[in-house]
Amino acid sequence: MTGKPDQSKAQTGKIVISVDAMGGDAGPAVVVAGIAKSAEKNPNIGFILHGPEDELAPLVAKRRILADRVVIRHVDSVVTMDDKPSQVMRNGKGTSMWSALDAVKNGEAAGVVSCGNTGALMALSMLRLRKVPGVNRPAIAILWPSRNPQGFNVMLDVGADVRADAQDLLQYALMGTSYTRNSMDIARPRVGLLNVGTEEHKGRAELKEAHALIAENAGIADYEFVGFVEGSDIPGNMADVIVTDGFTGNVAIKTGEGTASLVRSALREAFEYSFLSKIAALLAYTSLSRLAKRIDPRRANGGVFLGLNGTVVKSHGGADATGVSAAVKLAFRLAEQGFAEKLAARVASAVELTQDAAGSDDDDRISTK
């Protein structure tokens, strides 16, 4: 972080969110519509919008709710979905994504939202904001609709890094626990480790090692470890936090999105099949609307990058205005609670305690020799 003063709250007392306006599949119009939705619902939010001013200014001017709520930060270049993270790290300065992250680094904004290239956003986030001391691999955490009372489970990692060893999975458990506490007000989250079965003898060697590590640190980090969980438990009520590697998590989330889309289209076809089915749809309209809302992925749009010195929320590239607004709401809530600082303190404390515990074990082994 730089030595500049904290300007996360504007002079009007609003919490400012930095938004990359150019990353989405549908262009800046949808992003501006999304922040306008957020502004309508939340009088305490302001924005720094990054992108070409000649494109953004007319879009903002059409939304009266955004008057005096948006500062446009002009940049000419854009990170495309085809750009490789390594290229963006070398040549990304001057892009809307880089500028959006710098607003948080410089203390001008309390969080970042981008619909852009996930790999590039993670690479630039690590370059500009740096990792929290003690974190080896940052993770992307998402909210998954579930049968738990809070309505969602947290799952991580869902794509920051396709690999994860046992120590990485332990850190994901620690970060996921902190995120769940702050986003859902659950004092002692239940943590499950995703595997091909619940039996302790199943799974790869790193999963068995992670199982032991996560269990050992449950008391130190104040969470409940429920052991191995299966894919069917991701939307269930066995755990509040589902820990896995980025490859498995990314496959799972995209499978879930596809399944939700299939269910919606199948229901629509079924109720449009005949005159009687249309009557049935009218009679069941309230219940169907409740179901549609419950499985609507836009409500949970926004993957949080955990393990960085700042709050970064990755919105789905194809998000509409409702999805963008949901991602902004998540960034605002985390910024309002000072989540990034709480997470850094939690990780630092856990790392210190686990190192102390490891040192004590070493001393015990030495003394028994």
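Located above this text is the structure these notes cover.
Residues numbered from 1 in each chain as written. Predicted model: local features only at pLDDT ≥ 70, side-chain atom pairs only at ≥ 80, totals over all residues. Heavy atoms only, no water.

Caption draft 1: Seen up close, the overall build of the protein. Counting its secondary structure elements, the protein contains 13 helices and eleven strands. For the protein, the residues scored as buried account for 51% of the 369 residues in total. When contacts within the protein are restricted to residue pairs at least 6 apart in sequence, long-range pairs at least 24 apart make up 72% of them. Only carbon and sulfur atoms are counted for the fraction: they give 53% of the accessible area of the protein, which is about 17600 Å². (Helix = DSSP H or I, 4+ residues; strand = E, 2+ residues; numbered from the N terminus. Buried < 20%, exposed > 50% of the residue type's maximum accessible area, 1.4 Å probe, protein only. Contact = heavy atoms within 4.5 Å. Areas by Shrake-Rupley, 256 points an atom, 1.4 Å probe, with all protein chains shown as cover.)

Caption draft 2: Focus on the sheet that holds strand E5 (residues 139–145). Pairing is mixed across the open sheet formed by eleven strands, whose spatial order is E3-E2-E1-E4-E11-E10-E5-E6-E9-E7-E8. Each of the sheet's edge strands pairs with one partner strand only, and the pair in question is strand E3 (70–74) and strand E8 (224–229). Neighbour to neighbour, the strand axes of the sheet diverge by 25° on average, direction disregarded. Bridging between E5 and strand E10 (residues 303–306) involves three bridges; their strand directions are antiparallel. In the sheet register, Ile 140 faces E10, and the bridge partner there is Phe 305. Contacting strand E1 (15–20), strand E2 (45–51) and E3, helix H1 (residues 28–41) crosses the sheet at an angle of about 170° to E2. (Pairing = 2+ DSSP bridges. Axes fitted to C-alpha atoms, helices over the stretch in contact; angles between N-to-C directions.)

Caption draft 3: Focus on the pattern of salt bridges. All told, the structure shown has twelve salt bridges when counted by the stated rule. The salt bridge partner of Arg 137 is Asp 161, with a shortest N-O separation of 2.7 Å. Of this pair, Arg 137 sits in the loop between helix H5 (118–129) and E5 while Asp 161 sits in the loop between strand E6 (152–156) and helix H6 (166–184), and the two are 24 residues apart along the sequence. Relative accessible area serves as the criterion here: at 18%, Asp 161 is assigned to the buried category. Glu 199 is the salt-bridge partner of Lys 202, the closest N and O atoms lying 3.5 Å from each other. Taking the relative accessible area as the measure of exposure, Lys 202 reaches 31% and is therefore partly exposed. Judged by its relative accessible area of 34%, Glu 199 is partly exposed. Here the salt bridges share partners, and the residues they tie into one network are Arg 137, Asp 161, Arg 163 and Asp 168. (Salt bridge = Lys/Arg side-chain N within 4 Å of Asp/Glu carboxyl O.)

Caption draft 4: Structural context of the environment of Ala 187. Examined against the element boundaries, Ala 187 turns out to sit in the loop between H6 and strand E7 (190–194). Using a relative accessible area of 60% as the deciding quantity, one classes Ala 187 as exposed. Residues Ala 187 and Tyr 223 lie 36 residues apart in sequence; the distance between their C-alpha atoms is 8.4 Å. Apart from the residues lying within four places of it in its own chain, the contact partners of Ala 187 are Arg 181 and Asp 222.

Caption draft 5: Quick look at the side chain of Thr 180. Within the fold, Thr 180 resides in helix H6. Relative accessible area serves as the criterion here: at 0%, Thr 180 is assigned to the buried category. From its side chain, Thr 180 meets the backbone oxygen of Gly 176 in a polar contact 2.7 Å long. The residues touching Thr 180, leaving out its near neighbours within four places in the chain, are Val 154, Asp 185, Ile 186, Pro 189, Asp 240 and Val 241. (Polar contact = N/O pair within 3.5 Å; in protein donor to acceptor, adjacent residues only side chain to side chain.)

Caption draft 6: Local environment of the nonpolar core. In this structure, Leu 49 and Tyr 179 are the most contacted members of the largest nonpolar core, which totals 68 residues. Of the residues forming this core, the biggest block, nine residues, is contributed by H6. If we ignore the near neighbours within four places in the chain, the residues touching Leu 49 are Val 19, Ala 21, Val 31, Val 32, Ile 35, Leu 56, Val 60, Val 70, Val 71, Ile 72 and Arg 73. (Core = buried A, V, L, I, M, F, W, Y, C linked by side-chain atoms within 4.5 Å.)

Caption draft 7: Summary view of H5. Here H5 spans 16 Å end to end across twelve residues, near enough to the 16 Å set by a 1.5 Å rise per residue. Listed as buried for H5 are Ala 120, Leu 121, Met 122, Ala 123, Leu 124, Ser 125, Arg 128 and Leu 129. Its buried side turned inward, H5 meets helix H3 (85–91), helix H4 (96–105), strand E4 (111–114), E5, E10 and strand E11 (312–314). Measuring from the side-chain oxygen of the N-cap residue of H5 to the backbone nitrogen of Gly 119 gives 3.1 Å; that N-cap residue is Asn 117. In the stretch just after H5, Arg 130 is the one whose phi turns positive, near 70°. (Expected span 1.5 Å × (residues − 1).)

Caption draft 8: Representation of a negative patch on the surface. Negative charge collects at one region of the surface, where Glu 53, Asp 54, Glu 55 and Asp 76 lie side by side. Tracing the backbone through its elements, the reader meets Glu 53 in helix H2 (residues 53–61). (Patch = residues over 30% accessible without salt bridge, like charges linked within 9 Å, V, L, I, M, F, W, Y side chains within 5 Å. Lys, Arg positive; Asp, Glu negative; His and termini not counted. Charge placed at Lys NZ, Arg CZ, Asp CG, Glu CD.)

Caption draft 9: Layout of the side chain of Arg 137. Polar side-chain contacts of Arg 137 include one of 2.7 Å to the side chain of Asp 161. Only 2.8 Å separates the side chain of Arg 137 from the side chain of Asp 168, close enough to count as a polar contact. Beyond its immediate chain neighbours, meaning those up to four positions away, Arg 137 contacts Asp 161, Arg 163, Asp 168, Gln 171, Tyr 172 and Met 175.

Caption draft 10: Summary view of a positive patch on the surface. A grouping of Lys 37, Lys 41, Lys 62, Arg 63 and Lys 329 is seen on the molecular surface, where their side chains present a positively charged patch. Locating Lys 41 in the fold gives a position in helix H1.

Caption draft 11: The packing of H1 against H2, seen in detail. Between H1 and H2, the shortest axis-to-axis distance is 10 Å and the interhelical angle comes to 40°. In terms of axis orientation, H1 runs oblique to H2. In this structure, H1 meets H2 at a crossing whose hand is right-handed. The segment H1 lies against H2, with Pro 28, Ala 29 and Val 32 engaging Glu 55, Leu 56, Leu 59 and Val 60. (Parallel < 35°, antiparallel > 145°, perpendicular 65-115°, else oblique. Left-handed = near helix turned anticlockwise from the far one by under 90°.)

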